[in-house]
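Listed here are the chains, written in short residue letters.
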Amino acid sequence: MKKQLLLGDEAIAQAAIDAGLSGVYSYPGTPSTEITEYIQSSSLARERKIVSRWCSNEKTAVETALGMSYAGKRVISCMKHVGLNVAADAFMNTAMSGVNGGMIIVSADDPSMHSSQNEQDNRVYGNFALLPVFEPSNQQEAYDMVYEGFELSERWGYPILLRITTRMAHSRSGVQTREVQPQNPMHIDSNEPSRYILLPVNARRRYKALLAKQDEFRMASENSTYNRLFLEHRAPLGIVACGIAFNYLQENYPDGFKHPVLKISQYPLPKKQLMQLADSCEAILVLEDGFPVVEEQLKGYLGLGLNVRGRLDGSLPRDGELTPDNVRKALGMEVVSPFSAPAILVNRPPALCAGCGHRDVYQALNDVLKEYPGAQVFSDIGCYTLGALPPFRAIHSCIDMGASITMAKGAAEAGVFPSIAVIGDSTFTHSGMTGLLDCVNANANVLIIISDNETTGMTGGQDSAATGRIHAICQGIGVEPGHLHGIVPLKKNYEEMKAIIRKEIDYPGVSVIVPCRECIQTHARKVKLNRR
Amino acid sequence: MKTDIILAGVGGQGILSLAAVIGEAALADGLYMKQAEVHGMSQRGGDVQSHLRISDRPVASDLIPLGQADLIISLEPMEALRYLPYLQKDGWVVTHSEPFENIPNYPEISEVMKVYETLPHKVILNVEQIAKELGTPRSGNIVLLGAASLYLPIDFSKLENGIRRIFGKKGEDVVAMNLKALQAGKKIGNRTIFT
Ligand SMILES: Cc1ncc(C[n+]2csc(CCOP(=O)(O)OP(=O)(O)O)c2C)c(N)n1
Ligand code: SF4
């Protein structure tokens, strides 16, 4: 078959389709979004009736995926690293129940925080859940791992975590695809039905089963073709290169390594090869993108054993992504740049698009809040977070999805007035609704602005689960109809918008304002699609 | 043979479709390639760049090492300069001349041009103007590609095929418009070197 030019994300998607996938359950998040989008626009996926609608959040995604696996089918669930925090409860307990149909969970981590609020390394979740983790070093491996991963997952009876980072997700390369496999028929597993009922009596048994499985997972890593030991060159320094770090290592040795090297792309760690490597050298340099996960394991807390170098001893920076350059320095080679960046350069931060509805919302809000010097505005994650930057400087917080509403409640209860939340529509249905119920039950004195652009804007305009439902949801949760307002955020409505904001700040209870105007980028894309 | 190219610009300017055309052409030429893109937050009017690596041997790193780029192709004059540390000593900068000022503290354009005066190899063109004169105002990025094509290890005809494949979905008109822009860019790029 011919090579296709695919992003890492697309290679994962194509592999899943080719391996007989029946469903993808995801919530958008950079750098994972393109996996699900690729499946949504694939004609083969459509032909095969692969379910691919976006979910409300990552937790509903993983749980739904488990349901499909329970029914015997192959399923994948994709999210950005922080998404796995939201899905963590489901994820951890899926390791207890195990799975039936092959199940792969993709975590796209974002070291250097190109588009994220932290740079957590979700290989830690793999260790935490005691599950196998795969970390491809290139697009072809990403394809192969997913293609073979469903079968492995079925053989083991456990889900697999596939961990990628931004540079793998968003880099294109030629990928050789394989034969398309049939999809699984529905079949309920009759083998040990009680494993899905995690009552303590079953959970204790399942935990022992999971622990007993660890040796098999480790042996699989030791026999994996994705983990490779190169012992041709003897040197005092041995190198462990995980995931895409292996590429940066190769880049610096175009004519072959000058050190013993262990490439790791499958976890738990391959103990046998690590022992061989340790026996062959005096010190080990660990190259890994993200946290010093492997480095810490090899070093041990007190560092009394092996001489291990990496991010903890300053051989590499403690934070930020790996590059061919910081790897080169860690290898003791010089980095030469004939030209330097000129002093006149200034940063160019992202900004709200001209004509974006969030702009009008912030304009009106800022104008009113001049009258309320004590105001605190708790915001959330989405394009509207850019309201933190000039010229608006309109918000005081952005922590995790949904935190605007709940933080505003806590602050109001501590005495802040007015305590205001600004949240996007997709974020509201992701994690804001439960916080709103808390507000209603406590009759908290908060003003909640749900800035509805009828899309998931920041991640590129995916369908929002909230579209057309926000008023009904708020009413259902118990917001008083008299304190629930809709308005179109346009210049001509400024005065009206300001009047509503003022009135609802002064109302001592829960108020919700829903300014609603479609994101201009999503609108433009729809117009283009319709024209075609 | 190995060519490392940095493509630079501001979110929304069309850097990624430019990269896609070169990528398609390289793959059709049987070359190995890797192309790292920036998606996500910075696409909202922030600075965007793409690392494009083409070689007759497998490419290891998705990122170009510092000091190794053969070419910087940029749709914005200041953005090109951001990546100078990647440029090798004989490398070329091919850039659009007009600033994209969506920030309040954009430096004086004369200061930007002073930096260009210190660079040994550069082509500075107003590709928007050229595209406008051609009657294809939205194909400035492809004019730039045409000008840069002189420094690429890929046959011009392969680039034309790349355009046919990438823009084919959008209809014959769009393909024809972009082919015209590519030609015009090549012609002007040629002239710029010799004057
Ligand atoms: C737990 C989690 N999942 C996903 C993301 C990625 N993400 C950031 S902003 C955003 C979209 C928010 O959409 P919306 O609230 O509608 O605001 P908009 O960007 O449209 O203004 C998403 C999905 C994240 N940061 N955290
Ligand atoms: S993409 Fe849409 S929501 Fe985001 S800033 Fe632009 S117009 Fe606003």
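Residues numbered from 1 in each chain as written. Chains lettered and ligands numbered in written order. Predicted model: local features only at pLDDT ≥ 70, side-chain atom pairs only at ≥ 80, totals over all residues. Heavy atoms only, no water.

Draft legend 1. Molecular detail of the overall build of chain B. Helix and strand counts for chain B come out as seven helices and six strands. Shown N-terminal to C-terminal, the secondary structure of chain B runs as helices and strands in the order β-α-β-β-β-α-β-α-β-α-α-α-α. Over its C-alpha trace chain B gives a radius of gyration of 16 Å, about what one expects of a compact globule, namely 16 Å for 195 residues. Over its C-alpha atoms, taken along the principal directions, chain B stretches across nearly 40 × 40 × 40 Å. (Helix = DSSP H or I, 4+ residues; strand = E, 2+ residues; numbered from the N terminus. Rg over C-alpha atoms; globule rule 2.2 N^0.38 Å.)

Draft legend 2. Quick peek at the site of ligand 1. Residues and elements named next belong to chain A. Neighbouring ligand 1 are 26 residues, the closest being E58, H358, T427, N453 and G457. Between an oxygen atom of ligand 1 and a main-chain N or O atom of C383, the distance comes to 2.8 Å. For ligand 1, an oxygen atom lies 3.0 Å from a polar atom in the backbone of S426. Relative to its free-state accessible area of 590 Å², ligand 1 is covered by the protein chains to the extent of 97%. Elements with a minimum of two residues in the shell around ligand 1: α5 (81–86) and α17 (425–442). Broken down by element, the shell around ligand 1 gets its largest block of residues, four residues, from α17. Split by residue class, the shell around ligand 1 holds nine nonpolar, 14 polar and three charged. When residues of the shell around ligand 1 are sorted by domain, at least three fall in each of domain 1 (3–186 + 198–212) and domain 3 (357–523). (Near = heavy atom within 4 Å. Polar contact = N/O pair within 3.5 Å; in protein donor to acceptor, adjacent residues only side chain to side chain. Areas by Shrake-Rupley, 256 points an atom, 1.4 Å probe, with all protein chains shown as cover. Nonpolar A, V, L, I, M, F, W, Y, C, P; charged D, E, K, R; others polar. Domains from an automatic or database assignment.)

Draft legend 3. Looking closely at the layout of surface pockets. Of the volumes computed, that of the second largest pocket is approximately 850 Å³. Looking at the lining of the second largest pocket, the elements with two or more residues in it are α8 (139–156), β7 (171–176), β8 (228–230) and α11 (245–252) of chain A together with β2 (32–36) and β3 (47–55) of chain B. The biggest single contributor to the lining of the second largest pocket is α11 of chain A, with five residues. Residue composition of the lining of the second largest pocket, by class: 14 nonpolar, 13 polar and eleven charged. Counting contributing residues, the lining of the second largest pocket receives three or more from each of domain 1 (3–186 + 198–212) and domain 2 (228–330) of chain A. (1 Å grid on protein atoms, 1.4 Å probe; cavity = no way out; pocket = protein on both sides within 12 Å on 5 of 7 lines; lining within 4 Å. Points joined across faces, edges and corners; volume = space filled by probe spheres on them.)

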